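One-letter residues, chain by chain:
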Amino acid sequence: KTQNESKTILVIGGQLCTDATSYADELKTINDEASDFYDGAPWREQEGHSTVVSTDVQDVVESDMPSHVRIFLGSNDILTFEPNTANEQDVQEAEQKTAYVNWVINHQKNSFKLIHDWIKTAEIKKFGVVRYDWVEEEKVTSQKYSGLSEEEYFAQREEFFTEDKRKDTDITITKEEQDDDGWILEVDIKTVVKHVKIIPIPTDNFRISRNAKTKDDAELIGDDTLISRGELIAAGFDKKTVMGLPATGLNHSSNNPGQNRDNKNQNSDVNDPASELLVVSTRCIKIDRDGDGIAERRKVIFSAETILSDEAFDHVNYALLSTILMPNEAIGKSRGEITIKTQEVKTALVRGMLDNTYRVTAGRVVVNSDNTNIDDLLTQRASGIVRTKGDVRQAVAQLETPYVADKTLQVIQYMDLARAQRTGTLMASQGLNTDSLNNETATRFNGVQDEGAAKVELVARVIAETGMKELYEGIAWTVSHFQDDETEILVLGSQMTVDPSKWRYEQGIVSNVGLAAGDDVDLINNMSGLLQIHQQLKAAGSPLTDDKKMYNITEKIVKGMGQRRVSDFFNNPEVPEQVLLAQNEQLLTLAEQQKAMIEQLQNNPLAEAEVVKREGDIAIAQGKLQLQSAQMVQDQQQFEATINQENVDRIAQLEKEYAELELKYSTDIPGKGIENG
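What comes next concerns the included structure. (Residues numbered from 1 in each chain as written. Predicted model: local features only at pLDDT ≥ 70, side-chain atom pairs only at ≥ 80, totals over all residues. Heavy atoms only, no water.)

Points about unusual backbone geometry
- The backbone phi angle of Glu-305 is positive, close to 65 degrees, even though this residue is not glycine.
- Mapping Glu-305 onto the fold places it in the loop between strand S8 (296–303) and strand S9 (306–312).
- With a phi angle near 55 degrees, Ser-383 is a residue other than glycine that sits in the positive phi range.
- Inspection of the secondary structure assignment puts Ser-383 in the loop between helix H9 (374–378) and helix H10 (392–395). (Helix = DSSP H or I, 4+ residues; strand = E, 2+ residues; numbered from the N terminus.)

A few points about the sheet that holds strand S3 (residues 169–179)
- Reading across the sheet, the four strands line up as S3-S4-S2-S10 and stay open at both edges, with antiparallel pairing between neighbours. If you trace the sheet from one side to the other, it starts and ends with S3 and strand S10 (318–321), each paired once. The mean inter-strand angle of the sheet, taken between neighbouring strand axes irrespective of direction, is 30 degrees.
- Here strand S2 (residues 128–148) pairs with strand S4 (residues 182–201) via 18 bridges, running antiparallel. By the bridge assignment for S4, Leu-148 is matched with Trp-183.
- Packed on one face of the sheet, helix H4 (residues 111–124) meets S2, S4 and S10 and runs near 155 degrees to S2. (Pairing = 2+ DSSP bridges. Axes fitted to C-alpha atoms, helices over the stretch in contact; angles between N-to-C directions. Contact = heavy atoms within 4.5 Å.)

Description of the sheet that holds strand S6 (residues 220–228)
- Pairing in this open sheet of five strands is antiparallel, and the strands run S5-S6-S7-S8-S9 from one edge to the other. Both edges of this open sheet fall to strand S5 (206–208) and S9, since each of them pairs with a single strand only. Recorded for the sheet is a direction-independent mean angle of 20 degrees between the axes of neighbouring strands.
- Bridge count between S6 and strand S7 (residues 277–287): nine bridges; the pairing is antiparallel. Its bridge partner being in S7, Gly-222 is matched across the sheet by Arg-283.

Thoughts on the nonpolar core
- In terms of nonpolar packing, the biggest core is built from 47 residues, with Phe-72, Met-468, Leu-471 and Ile-475 touching the most fellow members.
- Top element by residues in this core is helix H13 (residues 442–482). It accounts for ten residues.
- Apart from residues lying up to four places away in sequence, Met-468 is in contact with Phe-72, Ile-78, Leu-79, Ile-115, Trp-118, Ile-119 and Ile-463.
- Grouped together as the second largest cluster of nonpolar side chains are 17 residues, Tyr-23, Phe-206, Ala-330 and Ile-331 included. (Core = buried A, V, L, I, M, F, W, Y, C linked by side-chain atoms within 4.5 Å. Buried < 20%, exposed > 50% of the residue type's maximum accessible area, 1.4 Å probe, protein only.)

As structure tokens, this is what we get:
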């Protein structure tokens, strides 16, 4: 790339960003209003009148969040990768993707709050967005050892020397000396940590083309983020370039990422340049770079018009979430947004009701000033008197204020019902009176509950099918393109080795959310009933069931109970180690029973033949156990031999293809040699 080409990208990106920034300002106005209504901020107050604010937006959002947390932050798999065929490698890859993507998300720093805040933002505002990046960060840790014996000192030093050869690790000994207590050893360990990092993006800092229907067809999509110089350098950007970038100023514009909703600058007064915050912009832009008339996606990272990175990047590494979808629009609506009008009306009604109640309880009087001592009337004291002349009824009279609060309550109940029909948030915040409840039939009440639950389930399904699916697909794409080594993870209590660089299949994702799939109680009840049916079928010897299908049902039950490690409770019939342990226990139990019977028979001199028979049964049981153990070892050896042979065949095929390419194009391919590892 030349600097001129990069500048061209900035110019074109600036043109696209002008429209995106204007659109972001419009979204910000709506988002800020929704946030204010959620917070119950002051609204159209009048002096001398009630200032209470209804909390309908907050009620709807907070009633949704428990079900969202149960569904998306529970133990169940909300999304699974589905194999395209019955091919064993295809099936195993789909299982690996599902397990590994879940593992990556759950092992993010503060993963619970990350997903919770993402969903809650989309509940309040028009959308929530996260960015997922493959990062290679340098981390330095210091370790100090004191009071070491000479043997311990040399052993520890040798261990560091061995670790220093390890990939992505640099160990520097900063101090080694001996004092009266023994050897002192201090080291700095610099490690390059490679992983997927999910970053929440404030909605005010997000940019997307106005006419985008999805994130993938947007001409421009990106964000502006505050990052310290030290973080940029740790991420691998050139130190000299980063240190020359200007820090954020006190710009109070609406789109300055250094400002929050209270116009407080997030950049602190620091003297350390490494801690100074910079506005770093990421833009995924469609641009015709090579002049072929087709726009390609490029990812540009820059700060203050200085380009830090510019690369072809055929992927949009953002996951966008709206709780209510709008046709042909990338940005939908929020649950809070559609509740704002209800909160406005209810706030006005509640204020009027309270004002009426205040006037009724405080009371006012009509006074004939010619016949009444005004000072006595204005003096408030217990058992005080008011001096009047003539007929008291003609001197002082109560000014009646009609009480209308009861009628206002009926209107408020209607507004609650209208909100419930719109959002599905029912009885918890509905002001239904006793007569209304008594007149409801049980079946109709259950129907109303089901209808309300269906609306909330629809929101959960939208979350799963849009933002969550984009996040799962994006993480799978990221690790398959950038991770170049194996990772060992625990899945249901068993170890799994994952190598994303070997993933070869384009697999779809299936949602497990919706149609009451998120209700753990219903799930457990349904699976328990299904398990009874399978047990009856197995007892009858039916071919419609087997141990694996029964295990799948129990796995669902355990997950529905919130337990992740199924192996703590049930053995997987497809895992030989777990099955062998159960069989071993059964054989040992049989042996103990046979031994007890032999001891009883030995007391009977007439039962010598039976004793011999029982001893033979024990020998047979022990022999079976030894045969099963040997078979397991043989199966493992055969599996490893098969894998090694497949590697040899694959390498031979690659070498053949290289040779054909060299002959076809009359050229030598450098570095084509492949060693069988």
